[in-house]
Amino acid sequence: MFTRIDHVGIACRDLDAAVAFYRSTYGFEVAHEEVNEEQGVREAMLRVNGTDDGGASYLQLLEPIRDDSPVARFLERNGEGVHHVAFGTGDVAGASAAVAGRGVRVLDAEPRPGSMGSRIAFLHPKDCGGVLTELVQAAGPEPDREPGS
Ligand code: MC0
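Everything numeric in this text was worked out from a predicted model, so none of it was measured.

Asks: Just give me the short version of the nonpolar core, but keep the residues and values in it.
Replies: One broad trend across soluble globular proteins is that nonpolar side chains are buried collectively. Ile 10, Cys 12, Leu 15, Ala 18, Val 19, Tyr 22, Ala 44, Leu 46, Leu 59 and Leu 61 form the largest nonpolar core, which has ten residues in total. At the level of elements, helix H1 (15-26), strand S3 (41-51) and strand S4 (54-64) are the ones that each hand at least two residues to this core. For this core, the element with the most residues is H1, which contributes four residues. Not counting the four nearest positions on each side in its chain, Cys 12 is found in contact with Ala 18, Leu 61, Leu 62, Glu 63, Pro 64, Leu 75 and Glu 80.

What follows is the structure in C-alpha coordinates.
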(Lines give C-alpha, C1' and ligand atoms only; values in the text may rest on other atoms or scores of the structure.)
Protein backbone atom coordinates (compact mmCIF):
# COMPACT_ATOMS: atom_id res chain seq x y z
CA MET A 1 0.00 0.00 0.00
CA PHE A 2 2.84 2.43 0.84
CA THR A 3 6.08 2.83 -1.03
CA ARG A 4 8.14 5.23 1.09
CA ILE A 5 8.12 7.97 3.67
CA ASP A 6 7.02 11.02 1.69
CA HIS A 7 7.87 13.45 4.47
CA VAL A 8 8.20 14.14 8.16
CA GLY A 9 6.29 17.27 9.18
CA ILE A 10 7.98 19.48 11.76
CA ALA A 11 6.16 22.31 13.53
CA CYS A 12 8.14 25.52 13.99
CA ARG A 13 7.36 29.06 15.09
CA ASP A 14 9.68 30.78 12.62
CA LEU A 15 10.02 29.10 9.22
CA ASP A 16 12.99 31.17 8.08
CA ALA A 17 14.92 30.38 11.26
CA ALA A 18 14.12 26.66 10.93
CA VAL A 19 15.25 26.63 7.28
CA ALA A 20 18.48 28.37 8.32
CA PHE A 21 19.10 25.70 10.99
CA TYR A 22 18.55 22.76 8.60
CA ARG A 23 20.72 24.42 5.94
CA SER A 24 23.64 25.42 8.13
CA THR A 25 23.62 22.29 10.31
CA TYR A 26 22.88 19.55 7.76
CA GLY A 27 23.24 21.16 4.35
CA PHE A 28 19.60 20.62 3.33
CA GLU A 29 18.26 23.07 0.75
CA VAL A 30 14.68 24.22 0.18
CA ALA A 31 13.22 22.43 -2.84
CA HIS A 32 9.85 24.14 -2.58
CA GLU A 33 7.98 26.70 -0.50
CA GLU A 34 4.25 27.43 -0.43
CA VAL A 35 1.33 28.66 1.65
CA ASN A 36 -1.56 26.23 2.16
CA GLU A 37 -4.46 28.46 3.25
CA GLU A 38 -6.81 25.56 3.90
CA GLN A 39 -4.36 23.92 6.32
CA GLY A 40 -3.26 27.26 7.79
CA VAL A 41 0.46 26.84 7.17
CA ARG A 42 3.46 28.34 5.43
CA GLU A 43 5.77 25.48 4.61
CA ALA A 44 9.16 24.60 3.19
CA MET A 45 10.01 21.22 1.68
CA LEU A 46 13.65 20.15 2.10
CA ARG A 47 14.50 17.19 -0.11
CA VAL A 48 16.42 14.43 1.64
CA ASN A 49 16.70 12.00 -1.28
CA GLY A 50 15.36 11.43 -4.79
CA THR A 51 14.18 14.09 -7.24
CA ASP A 52 11.09 16.33 -7.31
CA ASP A 53 9.80 14.34 -10.32
CA GLY A 54 8.53 11.60 -8.01
CA GLY A 55 9.56 9.21 -5.27
CA ALA A 56 11.48 11.68 -3.12
CA SER A 57 11.45 12.06 0.66
CA TYR A 58 11.34 15.45 2.38
CA LEU A 59 11.45 17.23 5.67
CA GLN A 60 8.44 19.53 5.77
CA LEU A 61 8.86 22.60 7.98
CA LEU A 62 5.49 24.07 9.02
CA GLU A 63 4.82 27.55 10.41
CA PRO A 64 1.21 28.42 11.31
CA ILE A 65 -0.41 31.39 9.59
CA ARG A 66 -3.46 31.44 11.90
CA ASP A 67 -3.90 31.02 15.65
CA ASP A 68 -6.77 28.53 15.20
CA SER A 69 -4.86 26.21 12.84
CA PRO A 70 -3.81 22.64 13.76
CA VAL A 71 -0.12 23.56 13.80
CA ALA A 72 -0.72 26.63 16.02
CA ARG A 73 -2.64 24.44 18.50
CA PHE A 74 0.13 21.83 18.39
CA LEU A 75 2.80 24.47 19.13
CA GLU A 76 0.77 25.85 22.02
CA ARG A 77 0.47 22.39 23.59
CA ASN A 78 3.82 20.81 22.76
CA GLY A 79 6.22 23.46 21.50
CA GLU A 80 8.31 22.90 18.39
CA GLY A 81 8.97 19.37 17.14
CA VAL A 82 7.77 16.47 15.01
CA HIS A 83 4.13 17.04 14.06
CA HIS A 84 3.32 14.16 11.70
CA VAL A 85 4.66 11.37 9.51
CA ALA A 86 3.50 11.01 5.90
CA PHE A 87 3.52 7.79 3.84
CA GLY A 88 3.64 7.88 0.06
CA THR A 89 1.07 5.92 -1.93
CA GLY A 90 0.01 5.74 -5.55
CA ASP A 91 -3.67 5.75 -4.52
CA VAL A 92 -4.58 7.96 -1.55
CA ALA A 93 -8.32 7.28 -1.80
CA GLY A 94 -7.77 3.51 -1.91
CA ALA A 95 -5.26 3.60 0.96
CA SER A 96 -7.66 5.74 3.06
CA ALA A 97 -10.49 3.29 2.46
CA ALA A 98 -8.24 0.35 3.34
CA VAL A 99 -7.09 1.79 6.68
CA ALA A 100 -10.63 2.98 7.49
CA GLY A 101 -11.70 -0.63 7.00
CA ARG A 102 -9.18 -1.57 9.69
CA GLY A 103 -10.83 0.74 12.21
CA VAL A 104 -8.68 3.88 11.86
CA ARG A 105 -10.49 7.24 11.69
CA VAL A 106 -9.70 9.06 8.45
CA LEU A 107 -9.98 12.81 9.11
CA ASP A 108 -10.48 13.76 5.46
CA ALA A 109 -13.47 12.06 3.84
CA GLU A 110 -12.18 13.30 0.49
CA PRO A 111 -8.44 13.79 -0.16
CA ARG A 112 -7.40 17.46 0.09
CA PRO A 113 -4.70 19.47 -1.69
CA GLY A 114 -1.23 19.02 -0.15
CA SER A 115 2.30 20.17 -0.86
CA MET A 116 3.61 20.37 -4.40
CA GLY A 117 0.33 19.39 -6.04
CA SER A 118 -0.14 16.25 -3.95
CA ARG A 119 -3.42 14.90 -2.60
CA ILE A 120 -3.49 14.08 1.10
CA ALA A 121 -5.59 12.53 3.86
CA PHE A 122 -4.87 12.54 7.60
CA LEU A 123 -5.49 9.70 10.07
CA HIS A 124 -6.42 10.39 13.69
CA PRO A 125 -3.35 10.23 15.96
CA LYS A 126 -5.34 8.51 18.71
CA ASP A 127 -5.92 5.55 16.34
CA CYS A 128 -2.26 5.45 15.25
CA GLY A 129 -0.36 5.04 18.50
CA GLY A 130 -0.18 8.79 19.13
CA VAL A 131 1.28 9.62 15.70
CA LEU A 132 -0.62 12.00 13.44
CA THR A 133 -0.29 10.12 10.14
CA GLU A 134 -0.76 11.51 6.64
CA LEU A 135 -1.26 9.61 3.39
CA VAL A 136 0.19 11.35 0.33
CA GLN A 137 -0.34 10.78 -3.35
CA ALA A 138 2.37 12.88 -4.97
CA ALA A 139 1.76 14.76 -8.20
CA GLY A 140 4.55 12.78 -9.83
CA PRO A 141 4.72 9.03 -10.42
CA GLU A 142 5.08 6.70 -7.46
CA PRO A 143 8.06 4.37 -7.93
CA ASP A 144 7.57 0.64 -7.48
CA ARG A 145 8.77 -0.67 -4.19
CA GLU A 146 11.93 -2.70 -4.61
CA PRO A 147 11.52 -6.42 -3.99
CA GLY A 148 12.37 -7.27 -0.41
CA SER A 149 12.38 -3.63 0.73
C1 MC0 B 1 -3.26 16.65 18.31
N2 MC0 B 1 -2.95 15.51 18.94
C3 MC0 B 1 -1.85 14.99 18.41
C4 MC0 B 1 -1.47 15.88 17.38
N5 MC0 B 1 -2.37 16.89 17.34
N6 MC0 B 1 -1.16 13.87 18.70
C7 MC0 B 1 -0.06 13.62 17.96
N8 MC0 B 1 0.37 14.44 16.97
C9 MC0 B 1 -0.30 15.57 16.66
N10 MC0 B 1 0.14 16.38 15.68
C11 MC0 B 1 -3.68 14.90 20.07
C12 MC0 B 1 -4.02 15.91 21.13
O13 MC0 B 1 -2.92 16.12 21.98
C14 MC0 B 1 -5.18 15.26 21.82
O15 MC0 B 1 -4.72 14.30 22.73
C16 MC0 B 1 -5.89 14.53 20.69
O17 MC0 B 1 -4.94 14.42 19.63
C18 MC0 B 1 -7.13 15.22 20.18
O19 MC0 B 1 -6.77 16.53 19.90
P20 MC0 B 1 -7.84 17.69 19.77
O21 MC0 B 1 -8.11 18.29 21.08
O22 MC0 B 1 -9.00 17.21 18.96
O23 MC0 B 1 -6.92 18.71 18.98
P24 MC0 B 1 -7.12 19.41 17.68
O25 MC0 B 1 -8.41 20.15 17.68
O26 MC0 B 1 -5.86 20.16 17.47
O27 MC0 B 1 -7.24 18.27 16.57
C28 MC0 B 1 -6.24 17.30 16.40
C29 MC0 B 1 -6.34 16.78 14.95
C30 MC0 B 1 -6.18 17.98 14.02
C31 MC0 B 1 -5.24 15.73 14.75
C32 MC0 B 1 -7.71 16.11 14.77
O33 MC0 B 1 -4.95 18.63 14.32
C34 MC0 B 1 -6.22 17.62 12.56
O35 MC0 B 1 -7.28 17.44 11.97
N36 MC0 B 1 -5.02 17.52 11.89
C37 MC0 B 1 -4.94 17.22 10.47
C38 MC0 B 1 -4.60 18.42 9.67
C39 MC0 B 1 -3.27 19.03 10.03
O40 MC0 B 1 -2.66 18.68 11.02
N41 MC0 B 1 -2.83 20.04 9.20
C42 MC0 B 1 -1.57 20.73 9.41
C43 MC0 B 1 -0.50 20.17 8.56
P44 MC0 B 1 -5.23 14.24 24.25
O45 MC0 B 1 -4.51 13.05 24.84
O46 MC0 B 1 -4.88 15.55 24.85
O47 MC0 B 1 -6.72 14.03 24.10
S48 MC0 B 1 -0.80 20.54 6.88
C49 MC0 B 1 0.22 19.57 5.97
O50 MC0 B 1 1.01 18.88 6.51
C51 MC0 B 1 0.04 19.63 4.47
C52 MC0 B 1 0.17 21.01 3.98
C53 MC0 B 1 0.91 18.66 3.69
O54 MC0 B 1 1.55 17.78 4.25
O55 MC0 B 1 0.93 18.75 2.44
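Asks: Give a description of the site of the ligand that names residues and reports values.
Replies: Around the ligand sit 22 residues in total, of which Gln 39, Arg 77, Ser 115, Lys 126 and Glu 134 are the nearest. A distance of 2.8 Å separates a nitrogen atom of the ligand from a polar side-chain atom of Gln 39. Contacts to the ligand include Glu 134, whose side-chain N or O atom sits 2.8 Å from an oxygen atom. Its free accessible area being 1000 Å², the ligand has 73% of it covered by the protein chains. Looking at which element gives the most residues to the shell around the ligand, the answer is helix H2 (residues 70-78), with five residues. Partitioned by chemical class, the residues of the shell around the ligand number eight nonpolar, nine polar and five charged.

Asks: Explain the UniProt feature "domain: VOC" (unreviewed entry) in the protein to me, using residue names and the numbers behind them.
Replies: What UniProt calls "domain: VOC" (unreviewed entry) maps, in this numbering, to residues 4-138. Along residues 4-138 the backbone is 22% helical and 42% strand, and the end-to-end C-alpha distance reaches 11 Å.

Asks: Residues and numbers for H1, please.
Replies: Its twelve residues give H1 an end-to-end C-alpha distance of 16 Å, which sits within 8% of 16 Å, the value for a rise of 1.5 Å per residue. What H1 keeps buried is the set Leu 15, Ala 18, Val 19 and Tyr 22. Mapping the buried residues of H1 onto a view down its axis gives an arc of 100 degrees, with all of them on the same face. As for H1, its buried residues are in contact with strand S1 (4-11), strand S2 (30-36), S3 and S4. The N-terminus of H1 is capped by Asp 14, whose side-chain oxygen sits 3.1 Å from the backbone nitrogen of Asp 16. Phi turns positive, to about 85 degrees, at Gly 27, one or two residues after H1.

Cut-off values and rules
The numbering scheme is per chain: residues are counted from 1 as the chain's sequence reads. With the structure being a predicted model, the display of local features is reserved for residues of pLDDT at least 70 and the display and counting of side-chain atom pairs for 80 or more, all residues being used for whole-chain, interface and lining totals. To get the side-chain values, all heavy atoms of the structure are used, and hydrogens and water are removed first. Nonpolar cores were defined as sets of buried Ala, Val, Leu, Ile, Met, Phe, Trp, Tyr and Cys residues, with membership established by side-chain atoms within 4.5 Å. Residue exposure (1.4 Å probe, protein chains only): buried if accessible area is under 20% of the type maximum, exposed if over 50%, otherwise partly exposed. Strands here mean DSSP runs of E at least two residues long; helices mean DSSP runs of H or I at least four residues long; both are numbered from the N terminus. Throughout, a residue-residue contact means that at least one pair of heavy atoms, one from each residue, lies within 4.5 Å. Nearness is judged by heavy atoms alone; a residue qualifies as near a molecule or strand once a single heavy atom is within 4 Å of it. Counted as a polar contact is a pair of N or O atoms within 3.5 Å, where, for protein atoms, one must be capable of donating a hydrogen and the other of accepting one, and residues adjacent in sequence contribute only when both atoms are in side chains. All accessibility values rest on the Shrake-Rupley procedure with a 1.4 Å probe; residue burial counts only the protein chains present in the view. Residues are grouped as follows: Ala, Val, Leu, Ile, Met, Phe, Trp, Tyr, Cys and Pro are nonpolar; Asp, Glu, Lys and Arg are charged; every other residue, Gly included, is polar. UniProt positions are given in the numbering used here, feature names are shortened, and annotations may be inferred rather than shown by experiment. For a helix, the expected span equals 1.5 Å multiplied by the number of residues minus one. By definition, the arc is the one covered by directions from the helix axis to the C-beta atoms.

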